[in-house]
Amino acid sequence: MSRIDFVGLARQDAGRGDKQTTMEYFVPVESTNVTLNRETLEIQETTGTRFPIGIDYGTRYFELPLTGAPRPASLPRILSGFLGQPASATATGGKHAHTFDPTLSGKIPEWHSIFAVRNDPAPPIVDLFYDCRGNELQLNIAPNDYLRFDATFLGLHIDDTTPAPVPTTDMTRKTKFSEATIEISEDGGTTFGPVVSAGWGFTYNNNLDTDEAVLGSRELYALPEGNADLEVRFSPRENMLDYYRQNLLADPTQIAVKMTATHADGDIIQVVAHNVEITDAPAAISGADVLKMIEVTGRASLSPAGKFITVVVTNSVAAYT
Amino acid sequence: MARPRKNPEAEPESDEPSGKTVKLTYTGPPGQTVAGLGFVLEEGESYDVPEELAEGLVAGSAFWEK
């Protein structure tokens, strides 16, 4: 993709089949390498010749991995494809807080339509994917970098006839590393304390089931969400012995991990994993390198209070309908 | 081979700006931009948009109204 390309997203209000040609947010991305995942029908038969005979196509779906730096206005539209619709409330300073909690009733990955337009060739290559749901979502942040997302949608259909719109691009400010802080809680999320960390990230996976082929159709019958998984990563540069020892305990301990990114204009992106059990905290010995951080990896599980992950985006948008 | 001559009576090509504008109202959140307009959009504001862009904006974005 080059700079004149663009990607747009819209929630399908009426669910599957409700293709949207009018986008809500055009999201700057670094790349989206659309791939077609297609079954083929091939049988090796005795034909009296050693040369191949033709194949047929079976069911198919599309994979749309969007990578880039999230913008506060459009991030909730991306998140709704993974975590369901947010609950929106008025916040201080004329802002609005949008809270995503996939453990609440009815909070399932919303169906989206996604425009992907490559403007370098003439005529342009224009795809409108619809009936898309979010499968795997990553947010990562590291020193001297922006907060970054890697959001993979799976799409069932493509419309190659709708012309490209004129994009209205979300240019709200990206999140810089210097605006982000990491905190952990050892008392179930009651109190949090700061951690000097050289990085943070999570990977949330809806494990959408793509094995939904049925007779009489080359469409997948459904794209249901499977079991949710959440991996959390952070890299403390203090108390490294403690994190290393925690990983060696006979039984895992539970901590809550919070990332908060606060912009100067009052926009906030906050992610809380409520019940993280450390699964890896290596302390490598290397004659060439200083051991300056422990890269902690944890597996999140449902907390005793029934919480898993909560994402709150505070911005200037009143609601995401 | 002679190059085809441009007919001076012909209609201007469709991608040439007409200079005409259309009044559109932007109802989306602040902080959004449109290439070619040259400013950051404010919620609820009306803008004179080149007519070459207007149709694509209204068709493509939920936040533009005529």
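Provided above is the structure to which this section pertains.
Residues numbered from 1 in each chain as written. Chains lettered and ligands numbered in written order. Predicted model: local features only at pLDDT ≥ 70, side-chain atom pairs only at ≥ 80, totals over all residues.

Novice: Explain the interface of chain A and chain B to me, and be specific about the residues and the numbers.
Specialist: In this complex, chain A contributes 15 residues to the contact, which on the side of chain B involves 16 residues. Among the residues making up the side of chain A that touches chain B, the classes are represented as eight nonpolar, five polar and two charged. As paired elements, strand β11 (residues 169-170) of chain A and strand β2 (residues 32-33) of chain B share two bridges and run antiparallel to each other. Residue pairing in the sheet places Thr169 of chain A in a bridge with Thr33 of chain B of β2 of chain B. (Contact = placed C-beta atoms within 7 Å. Nonpolar A, V, L, I, M, F, W, Y, C, P; charged D, E, K, R; others polar. Pairing = 2+ DSSP bridges. Helix = DSSP H or I, 4+ residues; strand = E, 2+ residues; numbered from the N terminus.)

Novice: Can you break down helix α1 (residues 75-83) of chain A residue by residue, with the values?
Specialist: Residue and element names in this part refer to chain A. Taking burial as the measure, the nine residues of α1 include nine buried ones, the bulk of the element. Turning to α1, its buried residues number three or more, namely Leu75, Pro76, Arg77, Ile78, Leu79, Ser80, Gly81, Phe82 and Leu83. Once α1 ends, the next one or two residues include Gly84, with phi positive near 90°. (Buried ≥ 20, exposed ≤ 12 C-beta atoms within 10 Å, placed from the backbone.)

Novice: Please provide a residue-by-residue account of the pairing of strand β5 (residues 56-68) of chain A, values included.
Specialist: Residues and elements named next belong to chain A. Taken together, the two bridges between strand β3 (residues 31-32) and β5 define a ladder with antiparallel strand orientation. Paired with Thr32 across the strands is Leu66, a residue of β5. Bridge count for strand β4 (residues 35-41) against β5 is six bridges, and the pairing is antiparallel. Looking at the pairing, Thr40 lines up with Tyr57 of β5. As paired strands, β5 and strand β10 (residues 148-159) are joined by seven bridges and run antiparallel to one another. For Glu63, the partnering residue across the bridge sits in β10 and is Leu154.

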